[in-house]
Amino acid sequence: MKTMYNKEKLDKIVSQHLGKAGDGTVVKPYVTPDKVDPSLLVPVPRVLNRDIYNIDEDNLPFVGYDTWNCYEVSFLLDNGFPVSGVVKIVYTSDSECIVESKSLKLYLNSFNMASFGEFKDSAISKVQLKISDDLSKALDCQVQACFHYYTDNDLPQPAVLGHFVRLENIVNVEETSFDHYNEDPKILERAPMLGFMPFQVTSNALRSNCRVTNQPDWGDVYIHIDGADCVTPESLMQYIVSMRKENHFHEEISECIYKRLYDMLTPEELFVSCLYTRRGGIDINPTRATDLSTLYKYGGGIVDVTNFCTKTARQ
């Protein structure tokens, strides 16, 4: 079956820097190289994660971006001084591949002992360009990278804009049954849209598991629906909780939630963003929407590479 074939192919790809996917073992000791090594980057074809949801690569039902905040990035000036900062990386969801997160971490570590010039500002520009070029070549798409050095002085805008209500405040979670811990679209229940305001909710109950190591990934999900119908808050809360034992990449979780809602409701506007907490010095924030106007209206802070956006409490 295609699903089993995809799993075997994915396991082979993502285990290049780790042991067998899921067991958390290390293939070999890792030593930080003294020069930048783009060969460490491992691209993973998106199609291997999309087949199961009937997402057509040639006719995507969404637009979107993947945003990566990398907090452990450093390089040297010619005098040996280490310049440290946060690198924000953004690329579109229609790229053929994503980058495997462990490989990105190892690649960024390869900057640690590399010198990029005498002056800080020009060296930062070189590092930004190098990261952008290397990732663009590895993923065969245009990748934006911005090195945020003076983050304490930045005036960030919120990651997500809008009037998102916490699901936990409108669902009686103590009296609602939660007994599904694997994703199932049948959990979702359609309901008519009430009033003139769109359905905007958020929850920090999102937990899935790493596709590679099986370690838990924690996140906050933001969902905006505008159209004739939406879903009941209770069923959406149950559906989010059902991700708890799923083993997927962050991008796949976001696209799964989006596609299930899109297929059920055919909404005029749909926005789904999963802001995951950092692990290994990196947090990953995939955002999907029906169109660019909707995406920028609610997720402009996430996808703007120059914006060091505010974080959720757990990020």
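This text goes with the structure placed above it.
All values reported here derive from a predicted model rather than from experimental measurement. (Residues numbered from 1 in each chain as written. Predicted model: local features only at pLDDT ≥ 70, side-chain atom pairs only at ≥ 80, totals over all residues. Heavy atoms only, no water.)

**Some points on the packing of aromatic side chains**
Centre distance and the angle of the planes are the two values used to describe a pair of aromatic rings.
And then number 1: This structure, assessed with the given rule, holds 11 aromatic pairs.
And then number 2: Between Phe-62 and Tyr-258, the ring centres sit 5.5 Å apart and the planes meet at 85°, which makes this aromatic pair edge-to-face. Of this pair, Phe-62 sits in the loop between helix H2 (47–50) and strand S2 (63–76) while Tyr-258 is found in helix H7 (residues 250–265), placing the two residues 196 residues apart along the sequence.
And then number 3: Relative accessible area serves as the criterion here: at 4%, Phe-62 is assigned to the buried category.
And then number 4: In this structure Tyr-258 comes out as buried when scored by relative accessible area, which is 0%.
And then number 5: For the ring pair Phe-164 and Tyr-298, a centre distance of 6.3 Å and an interplane angle of 90° mean the geometry is edge-to-face. (Phe/Tyr/Trp six-rings, centres within 6.5 Å; stacked < 30°, edge-to-face > 60°. Helix = DSSP H or I, 4+ residues; strand = E, 2+ residues; numbered from the N terminus. Buried < 20%, exposed > 50% of the residue type's maximum accessible area, 1.4 Å probe, protein only.)

**Some details on the side chain of Ser-103**
And then number 1: Residue position: Ser-103 is located in helix H3 (residues 101–109).
And then number 2: Since its relative accessible area comes to 0%, Ser-103 is described here as buried.
And then number 3: At 2.6 Å, the side chain of Ser-103 forms a polar contact with the backbone oxygen of Glu-100. (Polar contact = N/O pair within 3.5 Å; in protein donor to acceptor, adjacent residues only side chain to side chain.)

**Looking at the sheet that holds strand S11 (residues 269–276)**
And then number 1: Strands sit in the order S5-S3-S2-S12-S11-S9-S8-S6 across an open sheet of 8 strands; the sheet is mixed. The sheet is open, and its two edges are formed by strand S5 (144–148) and strand S6 (165–166), each paired on a single side.
And then number 2: Sheet analysis places strand S3 (residues 82–92) next to S5, joined by 5 bridges and oriented antiparallel. Note on S5: the bridge partner recorded for Val-90 is Gln-144. (Pairing = 2+ DSSP bridges.)

**Thoughts on helix H4 (residues 120–139)**
And then number 1: Its 20 residues place the ends of H4 28 Å apart at the C-alpha level, agreeing with the 28 Å of an ideal helix rising 1.5 Å per residue.
And then number 2: Where H4 is concerned, the buried positions are Ala-123, Ile-124, Val-127, Ile-131, Ser-132, Asp-134, Leu-135, Ser-136 and Leu-139.
And then number 3: Those residues of H4 that are buried lie in contact with strand S1 (43–45), S2, S3, strand S4 (97–99), H3 and S5.
And then number 4: Downstream of H4 by a residue or two, Asp-140 has a phi angle that is positive, lying close to 55°. (Expected span 1.5 Å × (residues − 1). Contact = heavy atoms within 4.5 Å.)

**Focus: unusual backbone geometry**
For residues besides glycine, phi is generally negative; the peptide bonds are generally trans as well.
And then number 1: Positive phi, close to 55°, is recorded for Asp-140, a residue that is not glycine.
And then number 2: One non-glycine residue, Thr-266, lies in the positive phi region at around 45°.
And then number 3: Within the fold, Thr-266 resides in the loop between H7 and S11.
And then number 4: Overall, Thr-266 belongs to the exposed group, its relative accessible area being 61%.

**Details of the nonpolar core**
And then number 1: Counting residues in each nonpolar core, the largest one holds 38 residues, and the members touching the most others are Phe-75, Ile-89, Leu-104 and Ile-131.
And then number 2: The set of elements that each furnish at least two residues to this core consists of S2, S3, S4, H3, H4, S5 and strand S12 (282–289).
And then number 3: Counting 32 residues, the second-largest nonpolar core is a separate cluster that includes Phe-199, Met-237, Cys-256 and Tyr-276. (Core = buried A, V, L, I, M, F, W, Y, C linked by side-chain atoms within 4.5 Å.)

**Remarks on the state of the cysteines**
And then number 1: The full count for this structure, using the stated rule, is 0 disulfides.
And then number 2: Of all cysteine sulfurs, the one in Cys-274 lies closest to Cys-256, which takes part in no disulfide; the gap is 9.6 Å. (Disulfide = S-S within 2.5 Å.)

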